[in-house]
Amino acid sequence: MGSAKKSTSAARKARIEEMRRAEQARARRNRILVITASVLAVAGLTAGTVALVQSQSDDSTAADGKGKGHFVTGSDGVRTWKGTLGRTHVVKTVTYPMEPPVGGDHNQVWMNCNGDVYTKALNNMNAVHSLEHGAVWVTYTTKAKKADVDALAAKVKKTPYTLMSPDDRQKDPIMLSAWGHQRTVTSATDPNVDKFFAKFVQGEQTPEPGAACTGGLGQ
């Protein structure tokens, strides 16, 4: 039994390290692409600015993110969203049918999710984009114990494709979210934390597996 656990742990660490190396390589490629794109963008800067202003003006109303549906709770305690989750990039404000959201239309810029721990509440529209890239989002309220928040932050910091932030609008002190999936955990030592990470960090639910978790929005 002990050797089996060690083998699983080693495989898990190897997977995380492989994702970290892949993310670093993508970041280098992205920097090259950004430089190239910046040069090409200069000529169309004025037109692009006008188009952006028009777009923001036209899309200023709220949207439901095509989030019609409901959660179904499995025997493992994970709630799975049964319904449509939009994936359109929008600039308008999206009203999600759950908090924190587990999917839906979202901003074109993602929150950095390479083990990023944020101390302020996030814009849901950016965080949902991170979920689309296969990230697990840890959120907590002021009712969560400081020891649990600190322990979860330490776990997130060493795990690529994760992010963490406070969210006092959610119903439970500590919640974990992935694209289309969510659960509540009782503490940082709850075994369901590791289970959720193992299943949903770049898991099968990911709409865009391998997409970047760096080069987005920081806080």
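Further up the page is the structure itself.
The shown structure was predicted, so the numbers you read here are calculated from the model rather than taken from an experiment.

1. Regarding the environment of Gln 202
Reasoning step 1: Inspection of the secondary structure assignment puts Gln 202 in the segment after α5 (191-200).
Reasoning step 2: Look at Gln 202 and you get buried, because its relative accessible area is 17%.
Reasoning step 3: Note: C-alpha distance between Gln 202 and Tyr 161 (41 residues apart in sequence) is 7.0 Å.
Reasoning step 4: For Gln 202, the side chain forms a polar contact with the main-chain nitrogen of Gly 210, separated by 3.0 Å.

2. Some thoughts on α5
Reasoning step 1: Taken together, the buried positions of α5 are occupied by Asn 192, Val 193, Phe 196, Phe 197 and Phe 200. Down the axis of α5, the buried side of the element spans an arc of 140 degrees, and every buried residue falls inside it. Exposed side chains of α5 directed beyond 90 degrees from the buried face belong to Pro 191, Lys 195 and Lys 199.
Reasoning step 2: Remark: Gln 202 follows α5 within two positions and exhibits a positive phi of approximately 55 degrees.

3. Notes on the side chain of Gln 182
Reasoning step 1: Take Gln 182: it is sitting in strand β7 (residues 181-184).
Reasoning step 2: The class of Gln 182 is buried, set by a relative accessible area of 2%.
Reasoning step 3: One polar contact links the side chain of Gln 182 to the main-chain carbonyl oxygen of Pro 100, over a distance of 2.8 Å.

4. Regarding helix α4 (residues 146-157)
Reasoning step 1: The first and last C-alpha atoms of α4 sit 16 Å apart over twelve residues, in line with the 16 Å expected at 1.5 Å per residue.
Reasoning step 2: For α4, the full list of buried residues reads Asp 148, Val 149, Leu 152, Ala 153, Lys 155 and Val 156. Angularly, the buried residues of α4 cover 160 degrees about the axis, an arc narrow enough to put them on a single face. More than 90 degrees from the buried face of α4, the exposed residues found are Lys 146, Ala 147 and Lys 157.
Reasoning step 3: Contacts from the buried residues of α4 go to β3 (114-117), β4 (136-140), β5 (162-166), β6 (174-178) and α5.

5. Observations concerning the packing of α4 against α5
Reasoning step 1: For the pair α4 and α5, interaxial distance at closest approach is 13 Å and the crossing angle is 25 degrees. Our classification of the angle between α4 and α5 gives roughly parallel. Pair α4 / α5 crosses with right-handed handedness. Across from Leu 152, Lys 155 and Val 156 in α4, the residues of α5 making contact are Val 193, Asp 194 and Phe 197.
Reasoning step 2: Classifying every residue of the contact of α4 with α5 by side-chain character gives four nonpolar, no polar and two charged.

6. Brief notes about the pattern of salt bridges
Pairing of side chains with opposite charge becomes possible as their charged atoms draw close.
Reasoning step 1: Under the criterion given, the structure shown has six salt bridges.
Reasoning step 2: We note a salt bridge from Glu 132 to Arg 87, for which the minimum N-O separation is 2.8 Å. With a gap of 45 residues between them, Glu 132 in helix α3 (residues 124-132) and Arg 87 in the loop between β2 (79-83) and β3 connect regions that are remote in the sequence.
Reasoning step 3: Residue classification places Glu 132 among the buried residues on the basis of a relative accessible area of 0%.
Reasoning step 4: Of the charged contacts in the structure, one is a salt bridge between Asp 150 and Lys 146, with a shortest N-O distance of 2.7 Å.

Conventions we followed
- Residues numbered from 1 in each chain as written.
- Predicted model: local features only at pLDDT ≥ 70, side-chain atom pairs only at ≥ 80, totals over all residues.
- Heavy atoms only, no water.
- Helix = DSSP H or I, 4+ residues; strand = E, 2+ residues; numbered from the N terminus.
- Buried < 20%, exposed > 50% of the residue type's maximum accessible area, 1.4 Å probe, protein only.
- Polar contact = N/O pair within 3.5 Å; in protein donor to acceptor, adjacent residues only side chain to side chain.
- Arc of directions from axis to C-beta.
- Expected span 1.5 Å × (residues − 1).
- Contact = heavy atoms within 4.5 Å.
- Axes fitted to C-alpha atoms, helices over the stretch in contact; angles between N-to-C directions.
- Parallel < 35°, antiparallel > 145°, perpendicular 65-115°, else oblique.
- Left-handed = near helix turned anticlockwise from the far one by under 90°.
- Nonpolar A, V, L, I, M, F, W, Y, C, P; charged D, E, K, R; others polar.
- Salt bridge = Lys/Arg side-chain N within 4 Å of Asp/Glu carboxyl O.

Remember, this is a structural readout, not a statement about activity or role.
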